[in-house]
Every structure is written in C-alpha cells, then in structure tokens.
Amino acid sequence: MRPVTPKCCWLLVALALAGAAPGRAGAEEPPSEALSLDLDRAQALALARSPRVREGEAAAAAARARERAAEARLFPTVGLEARYSRLSYAEPGSITLPLVQPDGQPAPSVQLGEAIEDHL
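Remember, it's a predicted structure, so these values are computed and weren't measured experimentally.

1. Quick look at the overall build of the protein
Working step 1: Assigned secondary structure in the protein consists of three helices and four strands.
Working step 2: Shown N-terminal to C-terminal, the secondary structure of the protein runs as helices and strands in the order α-α-α-β-β-β-β.
Working step 3: Here the protein, with 120 residues, has 2% of them falling under the buried criterion.
Working step 4: Counting only contacts in the protein whose residues sit at least 6 apart along the sequence, the fraction spanning at least 24 positions is 34%.
Working step 5: Put simply, the protein shows about 11800 Å² of open surface, and 59% of that area lies on carbon and sulfur atoms.

2. Quick word on a nonpolar patch on the surface
Working step 1: Taken together, the side chains of Ile95, Leu97, Leu99, Val110 and Leu112 define a hydrophobic patch exposed on the protein surface, amounting to about 450 Å² of accessible area.
Working step 2: Examined against the element boundaries, Leu99 turns out to sit in the loop between β2 (93–95) and β3 (110–112).

3. Comments concerning the environment of Gln111
Working step 1: Assignment of secondary structure puts Gln111 in strand β3.
Working step 2: A sequence separation of 18 residues divides Gln111 from Gly93, and the C-alpha atoms of the two residues are 6.0 Å apart.
Working step 3: Ignoring any residue separated from it by four or fewer positions in sequence, one finds Gln111 in contact with Pro92, Gly93 and Ser94.
Working step 4: Only 3.2 Å separates the side chain of Gln111 from the backbone oxygen of Gly113, close enough to count as a polar contact.

Conventions adopted
- Residues numbered from 1 in each chain as written.
- Predicted model: local features only at pLDDT ≥ 70, side-chain atom pairs only at ≥ 80, totals over all residues.
- Heavy atoms only, no water.
- Helix = DSSP H or I, 4+ residues; strand = E, 2+ residues; numbered from the N terminus.
- Buried < 20%, exposed > 50% of the residue type's maximum accessible area, 1.4 Å probe, protein only.
- Contact = heavy atoms within 4.5 Å.
- Areas by Shrake-Rupley, 256 points an atom, 1.4 Å probe, with all protein chains shown as cover.
- Patch = residues over 30% accessible without salt bridge, like charges linked within 9 Å, V, L, I, M, F, W, Y side chains within 5 Å.
- Salt bridge = Lys/Arg side-chain N within 4 Å of Asp/Glu carboxyl O.
- Polar contact = N/O pair within 3.5 Å; in protein donor to acceptor, adjacent residues only side chain to side chain.

Right, dumping it as structure tokens:
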C-alpha cells in the first residue's frame, strides 16, 4: 500500500468541498430542484420515520386493549344452553346387587320409577 501524500489529501479535501465525488469528478449532473424543508414538513417526516413514535403507538394500543379487557369483566356474561329430546318409550331403571340369598337364589333387582311413554 502506498503512503498518502499531502498533495493527494488536499485534492480529496478540495473535491469533497466542491461537492463532487472522487469517482465522478468528470461527470456533471444537472442541478436538481432545491428541496425546501419547513417546520411542518420536518415534523411530519420525523413522526413518519421515528421508531420511538411507533413504539409509543404500540404501547398505547396495548394499554387500550388492556383497558377494554378490564371493562369487559364488569359486564355480566350470558350463556344459553338448549336441549331437546323425545322419548317414545323408556324402560325404568333398576338396581341389581351381586348378593346371594341363603337359599342360593340371586337377590331380586329393585325397580326405580316407572316406564315413560310418549314423553315430550
């Protein structure tokens, strides 16, 4: 690598001050329109591109969601359950115990309720 001479440094400084890039010293571009930046436009650009503003908006949205969830707990909840059944005939239930009587016969079963016929 060659050492940088003071003459080369002054040339680079002169090009930088003149506004031309070292690689494009010979190519001249037509001057573009001057951009004006007033206070309102500067504020709009800052708000549109600021990550802190986006973080603040996200935090505010999360706080609103938490507030709505907390308010929702104050309101009563309503549940609805419906059931329909039609029985043409249902036999009564019965209980049979696994016992044996002294004479060797099984214990009789006990009937619970009565048969249901055409119950809506």
